[in-house]
Amino acid sequence: MLVNGRPYRSIWFDSDVQEVQIIDQTLLPHHFEIRSVQSLADMAEAIRAMRVRGAPLIGVSAAFGLYLALRENPVDLDTPIAILIATRPTAVNLAWAMNAARLLLSGLPVAERAQGALQFALQLAEQDVATCEAIGTQGCNLLEQLWQARGATSEPLQILTHCNAGWLATVDWGTALSVIYKAQARGIPLHVWVDETRPRNQGAFLTTWELQQQGIDNTLIADNTGGHLMQHGLVDLCLVGSDRTTASGDVCNKIGTYLKALAARDNNIPFYVALPVSTIDFELHDGVREIPIEQRDADEVLRMTGLDADGVRRTISLSHIDARAGNYSFDVTPARLVTALITEQGVIPAEAAAIATLKP
Ligand code: MRU
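Because the structure is predicted, anything quoted here is derived from the model rather than measured.

A short note on the pattern of salt bridges
For the structure shown, the criterion picks out 17 salt bridges. Salt-bridge contacts for Arg51 lead to Asp24; the nearest nitrogen and oxygen are separated by 3.0 Å. You can see Arg51 sitting in the loop between helix 1 (40–48) and helix 2 (55–72) and its partner Asp24 sitting in the loop between strand 4 (19–23) and strand 5 (34–37), a full 27 residues away along the chain. Accessibility assignment for this pair places Arg51 and Asp24 in one class, buried. In this structure, the salt-bridge partner of Arg200 is Glu300, at a minimum N-O distance of 2.7 Å. Of this pair, Arg200 sits in the loop between strand 7 (190–195) and helix 7 (202–213) while Glu300 sits in helix 11 (residues 299–302), placing them 100 residues apart in sequence. By relative accessible area, which is 13% here, Glu300 ends up buried. Salt bridges linked by common partners bring Arg88, Arg200, Glu294, Arg296 and Glu300 together as one network.

Side note on the domain arrangement of the protein
When its domains are assigned, the protein resolves into domain 1 (2–125) and domain 2 (135–355). Each of domain 1 and domain 2 has a C-alpha centre, and these two points are 24 Å apart. Across the contact, 34 residues belong to domain 1 and 34 residues belong to domain 2. A per-residue breakdown of the area domain 1 buries against domain 2 is headed by Arg53, Thr90 and Val92, which together make up 22% of the total. The interface formed by domain 1 and domain 2 holds one salt bridge in total. Between Glu294 and Arg88 there is a salt bridge; the shortest N-O distance is 2.8 Å.

Rules used in this analysis
Residue numbers restart at each chain and count upward from 1, following the sequence in its written direction. Side-chain atom pairs in this predicted model are given and counted only at pLDDT of 80 or more, local residue features only at pLDDT of at least 70, and totals for whole chains, interfaces and linings cover all residues. Excluded from the side-chain calculations are hydrogens and water; all other atoms, namely the structure's heavy atoms, are used. A pair is scored as a salt bridge if a Lys or Arg side-chain nitrogen falls within 4 Å of a carboxyl oxygen belonging to Asp or Glu. In this text, helices come from DSSP runs of H or I with a minimum length of four residues, and strands from runs of E with a minimum of two, each type numbered from the N-terminal end. Burial status follows relative accessibility: with a 1.4 Å probe on protein chains alone, a residue under 20% of its type maximum counts as buried, one over 50% as exposed, and anything between as partly exposed. Segmentation into domains, and thus their bounds, comes from an automatic or database assignment. Note on definitions: a residue-residue contact is assigned when non-hydrogen atoms from the two residues lie within 4.5 Å. When two components associate, each loses some accessible surface as probed by a 1.4 Å sphere; the sum of these losses over both components is called the buried area.

And the structure:
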C-alpha cells in the first residue's frame, strides 16, 4: 500500500544487505522510520514491543526471526521457536507459522536450514499478500451487495472498524481494510468510523494514517462512541479483523470488539469479521474459555505518547501517580453475534459446519 504515494510493505528482506526491514509501527503516525532487524533477539523485541503487530504480520515476522536465528546457529531449532512463540500469546498465526517451519526445517540437513528458513519466510510473506488481497475481493462483493440494496446512491456506506486490521497488521492489503481498499477501487462510496482503540491507539495512530494515505474518508471516534452512532442510523456495518477464530466461529480480536458486536446486534447492524484461514484455530471450540488473552504492561493504560505543541515526542502520565491499571489486550466475540466471516476462500457463516470446510 502507499506511503506518501510510494508502495511499501510492512516487512521485507533486503537481499543487497541481507537484512530484514520493518516499518517501526511504534513511531507512527508522527515518524515514518524503517528499522533493520538483525538477530533473533531484535525480532523478538520488535514483536513484543509491537514495532510489528497484527496477527498475520506477527506470524511472518516470526518466520524471518527464525531465519535470523538459524543463520547464527542452524543446529538449534527448538530454542528460537520457543522464544518467538512466547513473544505474544493470543494471535494464533505465530504458533501456526512456527509449527509449519519446524515441520519443514527439521527435515533439512543442518547446513541448509538457514536458507530453507529464509525461503519459508519469503513464501509466507507472498502468501499473506495474496490471501489478504483475496479477502478484500470476497468482502468487496458483499459491500457491493449492501450498497446495491441501498439503491447504489452516492451516499457513502458507513463502516465502523476497531483497532488496525489494515496492511500494517499484515504484509500488505490488510484484512478488514483490504475489503475497504477493494471497495474504493470498485467505486463504492465509503466513510469509515475509526475507533481510537485504547490503550495502544492502533485506530488513532495507524488506521486513520493508513486510510488517509489511500485517500479514504474517515473519522476518528473515542472508543465508546459506536453505540451512539448505531442508535442514530450512522453505521451500516461493522467490519473488524481477528487474531484467533475458533472452530465454532467465536472471534478473538482487540479489546472492545465484543462491545461493538453487542451494540450492533441491539441495533440490527451486520457485524462482519475478515480473516485469513490461518487465524482459525481448529483445535478450539469455546473462545471465551480457551483462547489465552494477552495482558500487557499497565503503563500502556496509565501513559500516552504523542507529539507536544513543539512537535517533540513525549510520554505523559494520564492518571494519579499511584493509580493501578489492568491491561487486557483482546476479548472474544461469541459466534452468535457475528453475521459472517469473510475469508480468502469465501464469505461463510460463523458456524462449525461451514468453518470445518476450510480445514486444510
Ligand atoms: O495488538 P495488536 O495491534 O497486534 O492487535 C491487532 C488486532 O487486534 C487486529 O485487529 C488483528 O490482528 C486482526 S487484523 C489482521
